[in-house]
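Listed below, chain by chain, are the residues.
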Amino acid sequence: MEAVPLEDFVRALDPASLPRVLRVCSGVYFEGSIYEISGSECCLSTGDLIKVTQVHLQKVICEDPTTGQTMELAPNFQGYFCRLTSPQSYRTLEELVSAAARSSKKLPICFSSTHSITTEAKVVPEDQPLILEDVEMHLGIRCARCILDMEDQQVILYLPLSQKGPFRKCEPSTPLTLLQALQDPALRGLAFTCPTLPWCSLILRPQYEIQAIMHMRRTIVKIPSTLEVDVEDVTASSQHVSFIKPLLLSDVLAREGPFPLPVEILEVPEGPPIFLSPWVGSLRKGQRLCIHGLASAPWRVLASSKGRKMPRHFLVSRAYQGKLRRRPREFPTAYDLLGALQPGRPVRVVVTKDCEGEVEEHPEFASLAVGDRLEALGFGQAYGAQGKDIDVLICQRLREQAEEDEEDRCEEEAEDQEQILLPLYFPGGFVEEMNDGRRYSLADLTAQFSLPCEVKVVAKDTSYPADPLASFPGLRLEEKITDPFLVVSLDSEPGMCFEIPPQWLDLTVVEAEGQPGCPAGSPPVATVEELTDAFYYRLRKLSACEIQAPPPRPPKSQGLSEQKRQSKEGGVQSSQVLELPHLPQLPKSKAETLPNVIKDSLSVYSKIPAHKKDLRPTKPKTWYRDEDEHDYEEILENFRKTI
C-alpha cells in the first residue's frame, strides 16, 4: 500500500477491519512541545509502528465552499443532508429542465430551491429536496410535475416552468444523517445541503481521534487525525510483530496476578536510594526478576536505634519473630506526654528536670522538681491571665513511698494525691515509671500499647540470622506502615528474596518472554530492612503533615525593654532617682499555685478540690541575700547607663 495522509486513511478506514498496523513514512515534531499535549500524541518519528485499535469521531467542521466560512458540528447533530450534484444554480425551472435535457442525466432529477416556494397545495421550505418526474400541461400552463416526500406521504406539486429559483440539482436519494453522510466513501469530499444550516452548500470535514498501541508505551496513545503525517498500512506483513507494553510495579500490584511473574527491568526511578541493603545495587536496567506476589505481612513498624551518636532506622515486618521488652519512654514536654495517653490508661512518670511555674503571669500552674512522681490523667483547659483558655495536662502528684506491699502502696497513693495542671508547652522532662519485665512479640506489643514505644530486643529473630536489632541498647518503635509490598527475587540469585514497596520504589518492567518459569514457592524474606537517613526523614515528614498538629507555643513574657518603655511612659525623668525594682517573689507553695477552676476537654468547668496543707511543698529555688543585692546593683547600673 502506498503512503497516504493520516487523515485520508482514517476517513477511508472500515471500523470492522480493526486493528490495523501502520508505519509512519514521514514523521512530525512540534518544536518545543512535550510528547503529549492535552492527552494527544504530538510526536511521531519516521519508521514508528502504530497499531490502531479504535477510531472515535470527535467533531465535524462544516465549510462554505464559496466564502470559506466554517462552523463546528457535534457528532450527535440532528439535521439531515442531501448531496448536491454540482454547485451550479439555475434561475428558473425551465433552465433546469433544459440543462437536464442536454445532459446524459434523464428525468427524474432531484433539485431544491434556495427560497421557499408557495403553491396552492403546499409551501415548500427552502433547500427542501423535490423530485422532478416530467413536464406536462396543467390547467393550460406548461408545468413541471414534482413530488415532495413527507414523513408519511408523498405530495404531487405542479410548478410552472417560469417559477423563479435559484434552483440546484441534488442526488435523488433519501436525506442522510451526519454519520451516514460521513460513512459513505462515495460521498467523500462532495457538497451537501442542509435545511437547518444557513448555507446553500457545504463540505463536511470530520476530525477523528485514533487510539493506538505503540512500542514501549504503558498506556493507549491518542493521535488526532489532523496530524500532518503520512502512513502506510503494513498489517499483512506485520503479523509477527509484538508491541512491548511496559508495566509499573504499581500496575502489577493492582492487577493482582497471575503470580509468579517473570519480568525484566526497563527503568529504575531516579533519586537517592531508599534501603541500605545489598540487593539494592542489583536493581538496574536489564536485570530479570521474579515477582512472587503480595507480601503476607499486612504492616511494618518504623524503628530507630537508641543510645548511639548516629541513630539508624529500620522497617521491621510484622513477621519479625524476635522478643521485645518494654523500656521507659522519655517525654521532653507535657505535650509529648499527652500524646502518649490512651483512654483508661493513665501514665506514671518521674520528673527529670527542675522547672519553675509561671508565678507572675500564671500562678495557677505548678512547679516541678527532679524526682517528683506524677500520674498523667488527660487533657483540660484552664483560665489564663488575660481571660483566654489555656490547654493543660491534668496530672496527680504521687507521694514518695517506702517499699511496701503492692496493696498498701496503692491504698496510700489513693489517699495522698494532689491534682496539678501543666500547660502543654511546659518544658520539663519526664521519664515513664514502669515495672514490666514481660517479653512481647512485635504483634502483641503493638496490639497492647500505642506507638511510639521504647523497647529492647532481648531475643533475636531465629529465622533471620543477620538480625541487627539485638545489638542496640534500645529501639524506638515510631509508627505503623501499612503500604503494600511485593515479594521479589533475582533471576540470577533465586535465593536472594526481598520485599519492594511500589509506592516508594515503582520500577518500570516488562514481562519477560522465553525466561524459565519462577519457582512456585518463595525463599525466606528478611524481616528487617535498614532505611537511608534521607528517606527516613522524608517518610516522617509525610506522616507528621498528615496526622500531627504542631505543638503549642509558649506565651511571650514581659522583658526588660518592655519595662523600660512603660517606665518612660509613666513620666520618669533622667534626673530623678530611680527606685529599685521589687525583689522577685519566692515561688508560691503548692496550695497557692493550684488553680481554682479548670475546663476539661468537654468544655465543662469544674472545681479542683483544695490541696491538703500537709503535702510536701515544691522545692523552691534558693535565693541568697548577697547574690540578690549584687544582681540588683547590676540592673540599677544598667538602667542608669541606658537613661
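About the cut-offs
- Residues numbered from 1 in each chain as written.
- Predicted model: local features only at pLDDT ≥ 70, side-chain atom pairs only at ≥ 80, totals over all residues.
- Heavy atoms only, no water.
- Helix = DSSP H or I, 4+ residues; strand = E, 2+ residues; numbered from the N terminus.
- Buried < 20%, exposed > 50% of the residue type's maximum accessible area, 1.4 Å probe, protein only.
- Contact = heavy atoms within 4.5 Å.
- Arc of directions from axis to C-beta.
- Pairing = 2+ DSSP bridges.
- Phe/Tyr/Trp six-rings, centres within 6.5 Å; stacked < 30°, edge-to-face > 60°.
- Axes fitted to C-alpha atoms, helices over the stretch in contact; angles between N-to-C directions.
- Lys, Arg positive; Asp, Glu negative; His and termini not counted.
- Salt bridge = Lys/Arg side-chain N within 4 Å of Asp/Glu carboxyl O.
- Polar contact = N/O pair within 3.5 Å; in protein donor to acceptor, adjacent residues only side chain to side chain.
- Core = buried A, V, L, I, M, F, W, Y, C linked by side-chain atoms within 4.5 Å.
- Disulfide = S-S within 2.5 Å.
- pLDDT = per-residue confidence, 0-100.

Trainee: Any chance you could explain the overall build of the protein chain here in plain terms?
Mentor: Secondary structure assignment for the protein chain yields 11 helices and 40 strands. With 643 residues in all, the protein chain has 41% of them scored as buried. Across the protein chain, every contact between residues at least 6 apart in sequence was considered, and the portion connecting residues at least 24 apart equals 71%.

Trainee: What exactly am I supposed to notice about helix α2 (residues 93-102) here?
Mentor: Side chains three or four residues apart in an α-helix point the same way, a direct result of the helix having 3.6 residues per turn. Of the positions making up α2, those classed as buried are Leu 93, Leu 96, Val 97, Ala 99 and Ala 100. The arc that holds every buried residue of α2, seen down its axis, measures 160°, which confines them to one face. Exposed and facing more than 90 degrees away from the buried side of α2 are Ala 101 and Arg 102.

Trainee: Mind showing me how you'd approach the sheet that holds strand β22 (residues 261-267) here?
Mentor: Sheet strands pair via backbone hydrogen bonds, and the direction of the pair is either parallel or antiparallel. Spatially, β21-β37-β22-β23-β35-β36 is the arrangement adopted by the 6 strands of the open sheet, whose pairing is antiparallel. What marks the edges here is a single partner per strand, and that holds for β21 (247-248) and β36 (497-500). Pairing geometry for β21 and strand β37 (residues 508-511), over 2 bridges, is antiparallel. In the sheet register, Leu 248 faces β37, and the bridge partner there is Thr 508.

Trainee: So what exactly am I meant to see when it comes to the pairing of strand β13 (residues 130-138) here?
Mentor: On a regular strand, one side chain projects to one face of the sheet and the next to the other, so that they alternate. Here strand β10 (residues 109-113) pairs with β13 via 3 bridges, running antiparallel. Of the residues in β13, the one forming a bridge with Phe 111 is Leu 130. Judged from the 7 bridges that link them, β13 and strand β14 (residues 141-149) form a sheet pairing that is antiparallel. Counterpart to Ile 131 in the pairing with β14 is Ile 147. Where β13 hands over to β14, the hairpin turn is made up of 2 residues, of which Leu 139 adopts a positive phi near 55°.

Trainee: I would appreciate a short explanation of the packing of aromatic side chains in the present structure.
Mentor: Where two aromatic rings form a pair, the distance of their centres and the angle of their planes describe that pair. For the structure shown, the criterion picks out 10 aromatic pairs. Ring centres 5.5 Å apart and planes at 45° place the aromatic pair Phe 275 and Trp 279 in the tilted group. For the residue pair Phe 275 and Trp 279, the accessibility class agrees, reading buried in each case. Considering the side-chain rings of Tyr 536 and Tyr 537, the 5.0 Å spacing of their centres and the 70° angle between planes classify their relative orientation as edge-to-face.

Trainee: It is not clear to me how the sheet that holds strand β34 (residues 474-481) should be interpreted in this structure. Could you clarify?
Mentor: Strand order across the open sheet formed by 6 strands is β26-β33-β34-β24-β25-β38, with antiparallel pairing between neighbours. At either end of the open sheet lies a strand with only one pairing partner, and these are β26 (323-327) and β38 (528-531). When the angles between neighbouring strand axes are averaged without regard to direction, this sheet yields 40°. Relative to strand β25 (residues 313-317), strand β24 (residues 300-306) runs antiparallel, the two sharing 5 bridges. When the sheet's bridge partners are listed, Ser 304 is paired in β25 with His 313.

Trainee: For this particular structure, what's the right way to read the pairing of strand β8 (residues 70-73)?
Mentor: Bridge count between strand β7 (residues 49-63) and β8: 4 bridges; the pairing is antiparallel. The partner of Cys 62 across the bridge, within β8, is Met 71. Taking the residues between adjacent antiparallel strands as the criterion, β7 and β8 are bridged by 6 residues, where Gly 68 takes a positive phi near 80°.

Trainee: How should unusual backbone geometry be read in this particular structure?
Mentor: A negative phi angle is the norm for most residues apart from glycine, just as the trans form is the norm for most peptide bonds. Across the junction of Phe 259 and Pro 260, the peptide omega takes the value 0°, indicating a cis bond. Along the chain, Pro 260 turns up in the loop between α4 (249-255) and β22. A cis amide bond, omega 5°, links Leu 451 with the succeeding residue Pro 452. Despite not being glycine, Leu 139 shows a phi value in the positive range, around 55°. When you line up the elements, Leu 139 lands in the loop between β13 and β14.

Trainee: Mind showing me how you'd approach the side chain of Asp 467 here?
Mentor: With respect to the secondary-structure elements, Asp 467 resides in the loop between β33 (453-459) and β34. Although Asp 467 is buried, it makes no salt bridge; Lys 460 carries the closest opposite charge, 6.6 Å away. A distance of 3.1 Å separates a polar atom in the side chain of Asp 467 from the backbone nitrogen of Asp 461. Excluding anything up to four places from it in sequence, Asp 467 contacts Tyr 320, Lys 460, Asp 461 and Val 528.

Trainee: Whenever I open this one, the nonpolar core confuses me. Can you help?
Mentor: Within soluble globular proteins, side chains that are nonpolar generally end up buried alongside one another. Ranked by size, the top nonpolar core spans 34 residues in total, and within it Leu 6, Leu 44, Ile 50, Phe 81, Leu 202, Leu 204 and Ile 223 carry the most contacts. Core analysis: the second largest hydrophobic core is formed by 32 residues, Val 263, Ile 265, Phe 275 and Tyr 536 among them.

Trainee: Would you mind showing me how to read the environment of Leu 283 here?
Mentor: Residue position: Leu 283 is located in the loop between β22 and β23 (288-294). Exposure remark for Leu 283: the relative accessible area of 10% places this residue in the buried category. Between the alpha carbons of Leu 283 and Ile 265 there is a distance of 7.6 Å; along the sequence they are 18 residues apart. Setting aside residues up to four positions removed in sequence, Leu 283 forms contacts with Ile 265, Val 268, Leu 289, Phe 498, Ile 500, Leu 505 and Leu 507.

Trainee: Help me out: how do you make sense of the pattern of salt bridges in this one?
Mentor: A side chain of one charge can pair with a side chain of the opposite charge if their charged atoms are brought near each other. A full pass over the atoms with the stated rule returns 21 salt bridges. The partner of Arg 326 in a salt bridge is Glu 432, and the shortest N-O contact between them spans 3.4 Å. Within this pair, whereas Arg 326 is found in strand β26, its partner Glu 432 is found in strand β32 (residues 430-432), the two being separated by 106 residues in sequence. Taking the relative accessible area as the measure of exposure, Glu 432 reaches 10% and is therefore buried. Here the salt bridges share partners, and the residues they tie into one network are Arg 326, Arg 329, Glu 432 and Asp 436.

Trainee: Is there a simple way to explain the state of the cysteines in this structure?
Mentor: Formally, a disulfide is one covalent bond, and it connects the sulfur atom of one cysteine to the sulfur atom of another. Throughout the structure, instances matching the rule amount to 0 disulfides. Here Cys 146 stays unpaired: no disulfide links it, and the sulfur of Cys 143, its closest cysteine neighbor, is 9.3 Å away. With relative accessibility at 0%, the residue Cys 146 sits in the buried group.

Trainee: Where do I start with the environment of Ser 305 in this structure?
Mentor: Residue position: Ser 305 is located in strand β24. When the C-alpha positions of Ser 305 and Leu 475 are compared, they lie 4.6 Å apart, and in sequence the two are 170 residues distant. Aside from chain neighbours lying at most four places away, what touches Ser 305 is Pro 311, Arg 312, Phe 472, Gly 474 and Leu 475.

Trainee: Explanation requested: the environment of Ala 297 in the structure shown.
Mentor: Residue position: Ala 297 is located in the loop between β23 and β24. Looking at Ala 297, the relative accessible area reads 11%, which means it is buried. Spatially, the C-alpha atom of Ala 297 lies 9.6 Å from that of Thr 527, the residues being 230 residues apart in sequence. Setting aside its immediate chain neighbours within four residues, Ala 297 contacts Ser 317 and Arg 318.

Trainee: Is there a simple way to explain the confidence of the model for the protein chain in this structure?
Mentor: Caution applies to low-pLDDT parts of the model: their predicted coordinates are not meant to be read in detail. The predicted model of the protein chain averages 77 in pLDDT, with 74% of residues at 70 or higher. Every residue in residues 31-38 scores below 50 in pLDDT, and together they form 8 contacts with partners more than four places removed in sequence or on other chains. In this model residues 566-636 is a low-confidence stretch, pLDDT under 50, and it forms 90 contacts with partners more than four residues away in sequence or in other chains.

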